Amino acid sequence: MADTAPSSWHRVLDADELPEGRVTTVTAGHVSLALTHIDGQYGALDNRCPHQGGPLGEGTIEGGLLRCPWHGYDYCPLTGDSAFGDGVQDFPVESREDGGLWVQVPDEAPHARTVSDVMAETFVAWGITDVFGMVGHSNLGLADALRRREEAGELHFIGIRHEGAAAFAASAYGKLTGRPAACLTIAGPGATNLLTGLWDAHLDGAPVLALTGQVDAQVLGAGAFQEVDLLNAFGDVASWSQVVLNASRHAELAALAVRHAILEHGVSHLVFPDQVQTLPAGDAAIAVPQGRVPDLRIAPPAAALEQALEVLRGARRPAIIAGTGAHESRADVIALAEQLGAPVMTTFRAKGLIPDDHPLACGVLGRSGTPVASWVMNEADALLVLGASFANHTGIYAGHPVVHVDRDPLQLGRTTGVAVPVLGDVGVTSQALAAALPAAAAEDKPDQATDVAERRALWHAEKASRARDDRGNGIASAAVFDTLSRLAPADAVIAVDVGNNAYSFGRYHESREGQAVLMSGLLGSIGFAYPAAIGAWAATRGERPVIAVTGDGGFAQYMAEVLTAVKHGMNITHVLLNNGQLGKISKEQRAGQWDVWQTQLHNPDFSQYAQLCGALGMRVTAAADLDDALARGLAHDGPALIEVMTDAELI
């Protein structure tokens, strides 16, 4: 090796760690080397075989030659010479008195800015500050650019144990904040593992940026290892999907991806072929968001607003149904309800939008709802539906005159015609309605707050009775959520899974002002809650308490993510309702007059599993112990799991 460039010596190994006749892989700075020991001499070669990049340090020494483990090319272990043609560069090696082996390699050149750097810098400029994912062989160039942004204090990367968890975490992040986070994967299976979580984001209108590696563009179509047509694979779930090419306007492409996620409230997807990620970019400018994101708080058309006012003025018992589209406007929605004296029901996805102790709050409407909400809807003579879909799980009665307000024109009258479809921002429209309507007290109309109080008193007595139920088969769900209602901090973010635990949460949990609830709404994907809690922790930087509520079936799908929570010191308090079965499916089998079949689960002791992972684990078998266990879990500095042994039929 010509000694013309500045170089440095690096201690790479103790001499006695490499036996005679062996080769191993070492690193000097960032240089990967195949270190050999033969006939009492040491050699250091470039670790990359010039044939197809095989790792020579994982090869073998046979007949005095170093054989590549991939295709059998042979090299001199000391000089790198080869009878196959291209040799391998060798580096000086010294065995020193300190017992170490030292290798001299050229000093590393300053980092040359790449396409990935430009795009990562643009992501940060557009507000991408959190990335969930896995680093792998087809995203290494992009991953290194993200690493640089993390070292600069501009970005936080959370390495997860399954790519599906990354997508759910990013989806929950978007639902909670309205801003996109990113999820990073390799090509092939890493990318396809994202799809369930991305469908959750797509259907619930959560902004997410998906970044997937890809095989080199020059081998696309030839059936390369882990090659998948990712544009087609993501075609229906992504609102916008593009491949990053050599000649792309890279900063603009990064900006467009984030812009589409924000403005379309959905999934944007960028595919990074391996060879593009490290292309030099020089001093290419980034693309900034200034002047490119409009104010979406649009006012409704005057004619539609007047029609809505006509319906509401003529109603004696108007009621409001609020969906997730009203989340950002909760103060305006509550003010309008108080102006009208109108009870407020929420969809399940919007649970917590109005605190359950508000005089007009009726809880959730629909299959996981309260009898208060169903009574109010039946008594109403007009419904004001704000930012809600008419999903069958909610069961909005279309026989009443319905005023439907939404910012998305395709949501208005999507499944059934309504009396007045109003295109507009929920907050702006609520303010306009409140300004034009008289207070309920000024008119001869029923005092609906009194009606709500009476119905809630009946329901609270029923819940207290159910919480005391004990058939000897476990704790009643009503008791679990009585404890959670009382002890969950007012600013908690609560991520809820799918299954009987979710139905019970919808009915029994009393949301307090300031709490936020996250769930897999329209997709209804089991396994959502624990990864979602990770997303919520990242979104709040651990400054808000985060609670995950799951069943045993859902948690088992992503239980390895407890290791992620432990690694990052996440204060996630996990309430796990363990009934030893897929209880919701058992219930549906019985209701459909089917045999109950294949719903029983073989579970570990989840509390012990949590402790093996490094978290706090507790198991509760008596309702009297719930308060103490949840209090300990909430006070614990780090992840905690409270496994509650519950009765599958007391839901």
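This text goes with the structure placed above it.
Now for a quick tour of the structure. Just so it is clear, the model here is predicted, and its values are computed rather than measured. (Residues numbered from 1 in each chain as written. Predicted model: local features only at pLDDT ≥ 70, side-chain atom pairs only at ≥ 80, totals over all residues. Heavy atoms only, no water.)

A word on the overall build of the protein. Secondary structure assignment for the protein yields 20 helices and 28 strands. Each of the three principal axes of the protein carries a C-alpha extent, and together these read 100 × 60 × 45 Å. Evaluated residue by residue, the protein yields a buried proportion of 52% over its 651 residues. Looking at the protein alone, contacts between residues at least 24 apart form 70% of all its contacts between residues at least 6 apart. (Helix = DSSP H or I, 4+ residues; strand = E, 2+ residues; numbered from the N terminus. Buried < 20%, exposed > 50% of the residue type's maximum accessible area, 1.4 Å probe, protein only. Contact = heavy atoms within 4.5 Å.)

Using the criterion set out here, one finds six cavities of 30 Å³ or more in the structure. Counted as a void, the largest cavity has a volume near 100 Å³. Surrounding the largest cavity, 15 residues form its lining, Asp 356, Cys 362, Thr 370, Trp 459 and Glu 510 being those nearest its centre. The class makeup of the residues in the lining of the largest cavity is five nonpolar, four polar and six charged. (1 Å grid on protein atoms, 1.4 Å probe; cavity = no way out; pocket = protein on both sides within 12 Å on 5 of 7 lines; lining within 4 Å. Points joined across faces, edges and corners; volume = space filled by probe spheres on them. Nonpolar A, V, L, I, M, F, W, Y, C, P; charged D, E, K, R; others polar.)

So, on to the sheet that holds strand S27 (residues 616-620). Read across the sheet, six strands follow the order S24-S23-S25-S26-S28-S27 without closing on themselves; strand pairing throughout is parallel. Here the strands that pair on one side only, and so sit at the sheet edges, are strand S24 (516-519) and S27. Geometrically, the sheet is characterised by an average inter-axis angle of 15° between neighbouring strands, direction not taken into account. Note that strand S25 (residues 546-551) and strand S26 (residues 572-578) share six bridges and pair parallel. For Val 546, the partnering residue across the bridge sits in S26 and is Ile 572. (Pairing = 2+ DSSP bridges. Axes fitted to C-alpha atoms, helices over the stretch in contact; angles between N-to-C directions.)

Once that is clear, we can look at the pairing of strand S2 (residues 22-28). The pairing of S2 with strand S3 (residues 31-38) spans seven bridges and is classified as antiparallel. Pairing of Thr 24 across the sheet is with Leu 35, part of S3. Joining the antiparallel neighbours S2 and S3 is a turn of two residues, in which Gly 29 adopts a positive phi near 65°.

Time to look at helix H19 (residues 606-613). All buried positions along H19 are accounted for by Phe 606, Ser 607, Tyr 609, Ala 610 and Cys 613. The buried residues of H19 occupy an angular sector of 160° when the element is viewed end-on, so they sit on one face. Looking at the buried positions of H19, the neighbouring elements they touch are helix H16 (552-557), helix H17 (561-567), S26, S27 and strand S28 (640-645). Residue Gly 614 follows H19 closely and has a positive phi angle near 105°. (Arc of directions from axis to C-beta.)

Take the packing of helix H1 (residues 115-125) against helix H2 (residues 140-151) next. Running from N to C, H1 and H2 cross one another at 45°; their axes reach a closest spacing of 8 Å. It follows from the interaxial angle that H1 and H2 lie oblique. Crossing geometry of H1 relative to H2 is assigned as right-handed. Contact residues: Ser 116, Asp 117, Ala 120, Glu 121 and Val 124 in H1; Gly 141, Leu 142, Ala 145, Leu 146, Arg 148 and Arg 149 in H2. Residues belonging to the contact of H1 with H2 are distributed by class as follows: five nonpolar, two polar and four charged. (Parallel < 35°, antiparallel > 145°, perpendicular 65-115°, else oblique. Left-handed = near helix turned anticlockwise from the far one by under 90°.)

Okay, the side chain of Gln 104 next. You can see Gln 104 is positioned in strand S10 (residues 100-106). There is a polar contact of 2.8 Å between the side chain of Gln 104 and the side chain of Ser 7. (Polar contact = N/O pair within 3.5 Å; in protein donor to acceptor, adjacent residues only side chain to side chain.)

We now examine the side chain of Ser 138. The residue Ser 138 is located in the loop between strand S11 (130-133) and H2 in this model. Beyond its immediate sequence surroundings of up to four residues, Ser 138 is in contact with Ile 186, Ala 187, Gly 213, Gln 214, Phe 272, Asp 274 and Gln 277.

Take the nonpolar core next. Taken as a class, soluble globular proteins show a tendency for nonpolar side chains to be buried jointly. In terms of nonpolar packing, the biggest core is built from 57 residues, with Phe 132, Leu 198, Phe 234, Phe 555 and Ile 572 touching the most fellow members. The leading source of residues in this core is helix H15 (residues 529-540), at nine residues. Apart from residues no more than four positions distant in its own chain, Phe 234 is found in contact with Ala 191, Leu 194, Leu 195, Leu 198, Ala 210, Thr 212, Ser 241 and His 269. Counting 49 residues, the second largest nonpolar core, distinct from the first, contains Met 345, Leu 365, Leu 484 and Val 549. (Core = buried A, V, L, I, M, F, W, Y, C linked by side-chain atoms within 4.5 Å.)

This part is about the sheet that holds strand S4 (residues 41-46). The strand order across the open sheet formed by four strands is S2-S3-S4-S8, and the pairing between neighbours is antiparallel. Two strands close off the open sheet at either side, each with one partner strand: S2 and strand S8 (90-91).

Of note, the phi angle at His 265 is positive, near 50°, even though the residue is not glycine. Here His 265 shows up in the loop between helix H7 (250-263) and strand S16 (267-273). At Gln 593, a position not held by glycine, the phi torsion is positive, near 60°. Relative to the helices and strands, Gln 593 resides in the loop between helix H18 (583-591) and H19.

Now for the environment of Asp 497. Along the chain, the position of Asp 497 falls in the loop between strand S23 (493-496) and helix H14 (500-508). For Asp 497, a relative accessible area of 3% gives the class buried. For Asp 497 and Gly 553, which are 56 residues apart along the polypeptide, the C-alpha to C-alpha distance reads 9.7 Å. Residues within four places of Asp 497 in sequence aside, it is in contact with Ala 502, Ser 525, Ile 526, Gly 527, Phe 528, Ala 529, Val 549, Thr 550, Gly 554 and Phe 555. Polar side-chain contacts of Asp 497 include one of 2.8 Å to the backbone nitrogen of Gly 527.

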